[in-house]
Amino acid sequence: MVSVGLRALPRRRPKQRSAAEDILLPWQDSTLDKHQLGKRMGRKATKKGSRSEGSHSARAGHVSMPNKDIKDQKFPDKQDSSFPQTSFVRYPIGETCRKQLDPETVKYFSEITNLLESGEVDLEERPVICGNALEETRGKEVELAFDHIISHTLQKLLEGCDAHHLCGFLQSCASNFARIATDRCGSHVVETAIKSLAMHLQDSSYFSLIEETLTSICKAIVAKPVEVMCDRYASHVLRSLLCLCQGVSSDSEFLAARSSSVFIKKLNAKGRKGAVEGLQYDHEGFPDLFKFLVTEMLKNGESNIAVLQTALKLLAGQDQDVLSIIPVMLGCKVESSDKGNFIQSTEVQNIRDLVKENSFSHLMEVILEVAPKILYDEIFEEVFSGSLFELASHLSANFVVQALISQAKSQSQMDKIWEELHPKFKDLLEAGRSGVIASMIAASNRLHTHEQKCSEALAAAVSSTNESPKSIVPRILFLESYLFRVDKSNWCWASNCRMHVMGSLILQWIFKYPSECIQPFISSITSMESAHLLETATDSCGSRVLEAFLSSNASDKQKHKLIAKLKNHFGELSIHPSGSFTIEKCFNVGDVSLREAIVSELLSVQKELSKTKQGPLLLRNLDAEVYERSPDQWRSRQKSKLSVYKDFLAEFSEEPCPFMKKSFLPDNPKKVTQQSNLKKMREEIDASLTSFVAPESGKGKNKRVDSASSKKERKRNKGNNDSSARDKVDAGNEKKRRRKGDSANSSQKKLKT
C-alpha cells in the first residue's frame, strides 16, 4: 500500500509574478473578442461543419421548442457572472486565463502526473494513489478543473481511482456542477468522471452509491437546465449523463454523428428495429433519473438539439415514452395526444417552417426514425403530404424528406410520394437534391413498388428520348459534371475526375432492381469502353457500381460482355485497392476458363501484388498458390465448386441456377431470408471443398492428406517398430545408470582421500 499526500512532496520556490499579470475574466475584458479568446484557450472548440448533400453531421444547435411566443431565443454560452469570482491572472500566450493556484498545489499535481506517466505504478497501487490525490482536491474542485494543465491530471485520476473516491469527487462538485460543466476545461473533467462511473456499474455493490451521486448531479442540472443544455461544452456532459442513466454506451455507433456510412444504413431502412439494434446496453441503467432529466428539459422553451436527439435515440423501441415526448417537441398539446390526435392542425404550418431550419431538421430526422407507425403515419399525412416537392427542394428540409421516404411503411405511402415527386426528378437532380432520388429508389426496392417507373424516370432525367441509352451510366457516375454543363448533349467522359458519391449510390440501388426493369442501365454499362471501365474499376465509388452490376440478376452473357473488356488488365487492377474487389466479383461470376485467365494475370504481378495491403488476401481467395503449383488440380477444384453451387441452388432455390438465370428479388419473405444466406453458404461450401480436396506437397507448407492405405501401413509399421524402440530406450537407460554409478564411486574416492 502506497499513500501519497500533499505534504509528502517537497515544496517548490513560488514563481514570482508581477502585479501587471492580474486581469479580469476573459469575458469581462472588452478588448478581447471571441476569436482572440479562442486562440488563447488550449483546447480547440468544436467546429461547426457544413452540411452538404449526403452529409448528416449532427451539430449542436440552439433551437426553441415550437412555441408562438418563444422561438429561436439564444443564451450566451459562458459562465454565469453571478458566481463568486476572485483574482485571476494572465498566463503566457497560448495558455488559458485561470485563477491563480498556489505553487505547492501546482507542484503536487505535477509530481502526480509524472508518477502516473512513468509506468512505475502497479495496478494495485494506482487506485490508492489516485484516490489519495483526489482527496487533496476537496474544496478546490472548481479552480483545479478550470486549470488547463491540472484538468488533464484530474481526468487521469478519475479514470484510475475506485468508486468511493470517484463518487466523493462528484458529490463535492454537485453544488458547482453547472459551473464546471459549462467551462472549456472543466467539462472534460466531469464528462470523464461520468464515463468512469459506467465502468464501476459492472459491480452491483456500487449501484446504490452511484445512484445517490447521480441524483445529486441531476438536481444540480435541473436547477439551471437552460444554461447546461444550451452550452456548447455542457451539452456533451449532459449527453454522456443521459447515456449512463439509460445504461447505454456513449460510444455507441447509433449515437455517433451523422456520416455517409450512416446515410447508407438509413437507405437500408431497418427503421426503428435498426435503431434499437444500434444501442449497446453495457450496464444496468437508472430509468427514473433518465425520465426526470428529459421531463425537465422539455419544460423549458429553449433546448439543445443534440441533447434532444440523444434522448430520442435512447428511447428507441419504447413506444409509450416516445409517443408522449415527440408531440411535445413538435409543439402540440399533451391533452390532444391522449385522445389519439398527436399533431394539431394549428401547428402543422409551424412544423413545416421549423423543418426548414438547419438545427431542427436534424431533430426531425431522428423523430421520423424512432417514431412508432401510428405517429409516423399521422406526421406523413398531416405535415408532409402535399408539400413534399417544396420541402425536398429546400437546403435543409430535403434531408428530412430523405428520412421520411426511407422510413415509408407501406406501398400506399410510396404511391403518394411517387405522385408528388416523379415529375420533378430532373429538377431535383439539377438542384443538387440527388439524395432524395436515392431515397426514393431505395424505398421502391424495399417495398417492391414503382421499380419500373423509378428506373424510367431516372433514365429520362439524364437523357432525352432521342438519345441512345449508352450515356446513362457515365452521366450518373459524373452527375455533378454533367448537370453543371451548359450544353449537356455534347457532354463527354470526364477523365481524371472523382466520381460522384451520390450518383454511385443511386446506381448501386438501381442494379438491385429486377433485370427487366433496368435494361437501359444494363445496356449502358456493358457498352462502356475498356478505358472507361478500367478507370471506373479503380475509382472508390465506381468500383462499387461494377460490383453491384456483377452481383445483380442480369444474365451471365451480359456480365461476361463487361468482364471481357477488362481482360489483360486484371493484373493492373489488382494493384489498386478498389480494383481488387472488382476482380474478386469477376472471378465469382466467371466459369473455369475465365477464372484461370484472371489467376494467371495475377501471378504475373505476384511480386508487386504481395507488397500491397489487399494482395495476399486476394491471392488466397483465388487459390493462386494452388494454381501455380498444380494447374490441373486447381481446375479440378474450381469445377467441383461450380458443380456444388449449381446443385445446391437447384435444390434449395425455387429460381433456376444463377449460372443460367438469377433472381434475387423474391416477393416471399422466406425467399429473402434464403437469398441473404447464400453468400454465407457459399463460403461454407468453399471451406468444405478445401478440406476435401488436398493440394500436392510442394514446399512443405501444405501437407498431403493421408489416404486410408497409408494410415493402415503406418499402423503395421508402428507395431513392428515398438519392440526396437523399447530396446533402444532400455539400452539408453542402462547407460545412464552406469554413468551415475561411476560418478558416485569417483565422488566417494575423493571424499576418502
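Data block above holds the structure.
Here's what I pulled together on the structure shown here. These numbers come from a predicted model, not from an experiment.

Once that is clear, we can look at the environment of serine 481. Following the sequence through the fold, serine 481 ends up in helix α28 (residues 479-483). Serine 481 gets classed as partly exposed once you look at its relative accessible area, which sits at 34%. Residues within four places of serine 481 in sequence aside, it is in contact with Trp491 and Ala494.

Looking now at the packing of helix α22 (residues 397-406) against helix α25 (residues 434-447). Two elements in contact, α22 and α25, have axes whose closest approach is 8 Å; the angle formed by their N-to-C orientations is 5°. Here α22 lies roughly parallel to α25, going by the angle between them. On α25, the residues that touch Asn398, Val401, Gln402, Ile405 and Ser406 of α22 are Gly435, Val436, Ser439, Met440, Ala443 and Arg446. Across the contact of α22 with α25, the residue classes tally to five nonpolar, five polar and one charged.

Okay, the environment of isoleucine 598 next. If you trace the backbone, isoleucine 598 turns up in helix α36 (residues 592-604). Along the chain, isoleucine 598 and lysine 567 lie 31 residues apart, while their C-alpha atoms are 7.9 Å from each other. In this view, isoleucine 598 contacts Phe570, Ile583, Cys586, Phe587 and Leu622; residues no more than four positions away in its chain are not counted.

On to the nonpolar core. Soluble globular proteins: nonpolar side chains tend toward being buried together. Leu241, Leu330, Ile379, Phe384, Phe511 and Phe521 are the most contacted members of the largest nonpolar core, which totals 183 residues. In this structure phenylalanine 511 touches Ile518, Phe521, Ile522, Ile525, Val545, Ala548, Phe549 and Ser552, once residues within four positions along its chain are discounted.

Here serine 250 shows up in the loop between α11 (234-246) and α12 (260-268). Using a relative accessible area of 28% as the deciding quantity, one classes serine 250 as partly exposed. Sequence separation between serine 250 and alanine 198 is 52 residues; the distance between their C-alpha atoms is 9.7 Å. Residues in contact with serine 250, not counting those within four places in the same chain, are Lys195 and Cys243.

What follows is about unusual backbone geometry. If a residue is not glycine, its phi is most likely negative; likewise, a peptide bond is most likely trans. Phi is positive for histidine 448, close to 55°, though the residue is something other than glycine. Mapped onto the secondary structure, histidine 448 falls in the loop between α25 and α26 (451-462). The residue aspartate 623 is not glycine, and still its phi comes out positive at about 55°. Topologically, aspartate 623 is positioned in the loop between α38 (615-621) and α39 (624-629). Residue classification places aspartate 623 among the buried residues on the basis of a relative accessible area of 14%.

Definitions and cut-offs
Residues numbered from 1 in each chain as written. Predicted model: local features only at pLDDT ≥ 70, side-chain atom pairs only at ≥ 80, totals over all residues. Heavy atoms only, no water. Helix = DSSP H or I, 4+ residues; strand = E, 2+ residues; numbered from the N terminus. Buried < 20%, exposed > 50% of the residue type's maximum accessible area, 1.4 Å probe, protein only. Contact = heavy atoms within 4.5 Å. Axes fitted to C-alpha atoms, helices over the stretch in contact; angles between N-to-C directions. Parallel < 35°, antiparallel > 145°, perpendicular 65-115°, else oblique. Nonpolar A, V, L, I, M, F, W, Y, C, P; charged D, E, K, R; others polar. Core = buried A, V, L, I, M, F, W, Y, C linked by side-chain atoms within 4.5 Å.

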